[in-house]
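Working through the structure, step by step
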Amino acid sequence: MNLSSPEFLDNLAYLNPWRKSRLETYILQTCIQAFLSALMIVAALIFLIEYVSISKTLGAKADVSGLSVIGLMLEKSPGSILVLLPFAFLFGALFAFVNLNRRSELIAMRAAGVSAWRFIMPATVMAFAFGLLTIGVLNPVASKLNDHYERVTASLGETDMPVPGQANSAVYLRQGDGRQQIVIRAASQDSKVMGHLLGVTFWIYDIDAKEVPVFRKRIDAQEATLRPGYWQLRNAQEATVTGPPTAPYDVLTMPSNLDPQKAFKKYASTQSVPFWRLPGLIHQNRVSGFSTALYELKLHQLLSTPLMFAAMTALGAVFSLRLMRLGGMTGLVISGISLGFVIFFVNQLFSSMGKAGVIPLFLAGWSPAILAMLAAMTLIVYTEDG
């Protein structure tokens, strides 16, 4: 935009509320264009990396066409793009405000008395709003695509890991609540009947007042079928630690809180679980006695996403506010990019510490975003007020 044009001069007449809005809209449009450009670059790099990775992985194990590889790439890539979105906002803010600085538009704004907080705020609010959109819409879509990708690659033999519930292989399940935990092992599963297990053993534990599992009894059954709300066992025999085994039961039923439609599915990875399902899955795993650390960490990281996007945008902006005529702009831009990588490393470090139980999961999920925002606000205050 030409600095002498009536449009730009009109934007700088910020004392009028309507004109204030026009100035913020202009800055917002500039930032959105830069964000989209940065996002396209990040997405292109991820597409290329994923295409090569999938081609090498599946090419040696299955006869897959090029179009199939492209389809799998498009299903796997959105999850990776969401992980690197903070960099898109960092680079986008850097590009946008460096261009404004190069065209001397920032100089004119500062000369007109516009505060740095004023022209950084529109981009930061936009990034925060996009973070909310990421949580509510983009993450569920990416999770669904990733889940389909994992199913397809598993059927093509991408992984050699056994899938729970596969016929002719041992099946391990677990169910429970706050009072009892049951570990279930079956020698095999009948592939023709859903939920029908053969050679089944149930280890039943009671939860005492200190929440410690205490073994109570063991049940061996020739076969067991999972029905809605209960197990149906045939030729079952009970054994306790204090008495002899009981006589075999022709038919024995046991209560169950497992879903026959979901109990034998592969353990869901965190990338395949959308945001809206995480609270319910955490509760279900907790009452069943499974670890919920990964899912809880994922939930906290998703909830902190808007704050992280806003912080990275503010960091990108503050590192490009130095006047071009003073020099040193290249060094500041490199410093901003380096700080972005440092925050990414800190995020991975806190995630690893949270998974290992070194720090609370809440702290592991929220600390990187909070630290990034505090760093951005500190630098803005230092730049604006000295």
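Thresholds applied
Residues numbered from 1 in each chain as written. Predicted model: local features only at pLDDT ≥ 70, side-chain atom pairs only at ≥ 80, totals over all residues. Heavy atoms only, no water. Helix = DSSP H or I, 4+ residues; strand = E, 2+ residues; numbered from the N terminus. Buried < 20%, exposed > 50% of the residue type's maximum accessible area, 1.4 Å probe, protein only. Contact = heavy atoms within 4.5 Å. Areas by Shrake-Rupley, 256 points an atom, 1.4 Å probe, with all protein chains shown as cover. Phe/Tyr/Trp six-rings, centres within 6.5 Å; stacked < 30°, edge-to-face > 60°. Salt bridge = Lys/Arg side-chain N within 4 Å of Asp/Glu carboxyl O. Patch = residues over 30% accessible without salt bridge, like charges linked within 9 Å, V, L, I, M, F, W, Y side chains within 5 Å. Core = buried A, V, L, I, M, F, W, Y, C linked by side-chain atoms within 4.5 Å. pLDDT = per-residue confidence, 0-100. Expected span 1.5 Å × (residues − 1). Bend = angle between axes of the 7 residues up to and from the residue. Pairing = 2+ DSSP bridges. Axes fitted to C-alpha atoms, helices over the stretch in contact; angles between N-to-C directions. Parallel < 35°, antiparallel > 145°, perpendicular 65-115°, else oblique. Left-handed = near helix turned anticlockwise from the far one by under 90°. Nonpolar A, V, L, I, M, F, W, Y, C, P; charged D, E, K, R; others polar.

Let's talk about the overall build of the protein
When you go through the protein residue by residue, the secondary structure sums to 10 helices and six strands. Looking at the protein residue by residue over its 386 residues, the buried ones come to 41%. For the protein, the share of sequence-separated contacts (at least 6 apart) that also reach a separation of at least 24 residues comes to 62%. Here the protein has roughly 20300 Å² of accessible surface; of this, 63% comes from carbon and sulfur atoms.

Looking at the packing of aromatic side chains
Inspection of every chain in the model, using the stated rule, returns 11 aromatic pairs. Judged by centre distance (5.4 Å) and plane angle (55°), the ring pair of phenylalanine 87 and phenylalanine 344 falls under tilted. With phenylalanine 87 in helix α3 (residues 66-102) and phenylalanine 344 in helix α9 (residues 329-355), the pair connects residues that are 257 residues apart, well separated along the chain. Assessed through its relative accessible area of 29%, phenylalanine 344 is described here as partly exposed. Among the aromatic residues, those joined into a cluster by ring pairs are Phe35, Phe89, Phe130 and Phe309.

Quick word on the pattern of salt bridges
Under the definition given, this model contains four salt bridges. In this structure, arginine 216 engages aspartate 206 in a salt bridge whose closest nitrogen and oxygen atoms are separated by 3.0 Å. In this pair, arginine 216 is assigned in strand β4 (residues 213-227) and aspartate 206 in strand β3 (residues 196-207), connecting sequence segments 10 residues apart. The exposure class assigned to aspartate 206 is partly exposed, which follows from its relative accessible area of 27%. Aspartate 220 serves as the salt-bridge partner of arginine 218, at 3.1 Å between the closest nitrogen and oxygen. Relative accessible area serves as the criterion here: at 32%, arginine 218 is assigned to the partly exposed category.

A word on a nonpolar patch on the surface
The grouping of Leu48, Tyr51, Val52, Leu67, Ile70 and Leu74 at the surface amounts to a nonpolar patch, some 570 Å² of accessible area in total. Breaking the nonpolar patch down by element, the ones donating at least two residues are α2 (17-59) and α3. Relative to the helices and strands, valine 52 is located in helix α2. Valine 52 sits in the partly exposed class, given a relative accessible area of 40%.

What to know about the nonpolar core
In this structure, Phe97, Phe119, Leu315 and Leu321 are the most contacted members of the largest nonpolar core, which totals 48 residues. Contributions of two or more residues to this core are made by α2, α3, α4 (105-111), α5 (116-155), α8 (305-318), α9 and α10 (361-385). No other element matches α3, which puts 13 residues into this core. The residues contacting phenylalanine 119, other than those within four sequence positions of it, are Ile27, Phe97, Leu106, Met109, Arg110, Val114 and Leu321.

Some thoughts on the confidence of the model for the protein
Scored by pLDDT, the protein has a mean of 80; 83% of the residues are at 70 or more. When the criterion is pLDDT under 50, residues 12-18 qualifies, and its contacts beyond four places in sequence or with other chains add up to nine contacts. The low-confidence segment residues 158-168 (pLDDT under 50) makes 19 contacts with residues lying over four places distant or belonging to another chain.

Overview of α5
Helix length check: α5, at 40 residues, gives a terminal C-alpha distance of 54 Å against a target of 58 Å (1.5 Å per residue), a fit within 8%. When the local axis directions of α5 are compared, the greatest deviation, roughly 50°, occurs at threonine 134.

Some points on the pairing of β4
Strand direction decides the pairing type here: β3 and β4, joined by 11 bridges, are antiparallel. Bridge pairing links leucine 198 to glutamate 223 in β4. Across 10 bridges, the pairing between β4 and strand β5 (residues 230-240) is antiparallel. Note on β5: the bridge partner recorded for isoleucine 219 is glutamate 238. Hairpin connection from β4 to β5: two residues lie between these consecutive antiparallel strands, with glycine 229 at a positive phi of about 95°.

A look at the side chain of lysine 217
Turning to its location among the elements, lysine 217 is positioned in strand β4. Those residues within four positions of lysine 217 in sequence are excluded, and the remaining contacts are Phe202, Trp203, Ile204, Glu238, Ala239 and Thr240.

Let's talk about the sheet that holds β3
Spatially, six strands are ordered β1-β2-β3-β4-β5-β6 in an open sheet, and the strand pairing comes out antiparallel. Strands with a single pairing partner mark the edges of an open sheet, and in this sheet they are β1 (171-176) and β6 (249-255). Pairwise comparison of adjacent strand axes, ignoring direction, gives a mean angle of 35° for this sheet. Relative to β3, strand β2 (residues 180-189) runs antiparallel, the two being bridged by nine bridges. Counterpart to alanine 186 in the pairing with β3 is valine 200.

Notes on the environment of serine 37
Mapped onto the secondary structure, serine 37 falls in helix α2. Between the C-alpha atom of serine 37 and that of phenylalanine 95, which follows or precedes it by 58 residues, the distance is 9.4 Å.

Points about the packing of α5 against α8
At their nearest, the axes of α5 and α8 sit 7 Å apart, and the two run at 150° to each other. Considering the angle they form, α5 stands roughly antiparallel to α8. The element α5 and its partner α8 pack so that their crossing is right-handed. Where α5 abuts α8, its residues Ile120, Ala123, Thr124, Ala127, Phe128, Phe130, Gly131, Leu132, Thr134 and Ile135 lie against Thr305, Pro306, Leu307, Phe309, Ala310, Thr313, Ala314 and Ala317. Within the contact of α5 with α8, the residues separate by chemical class into 13 nonpolar, five polar and no charged.

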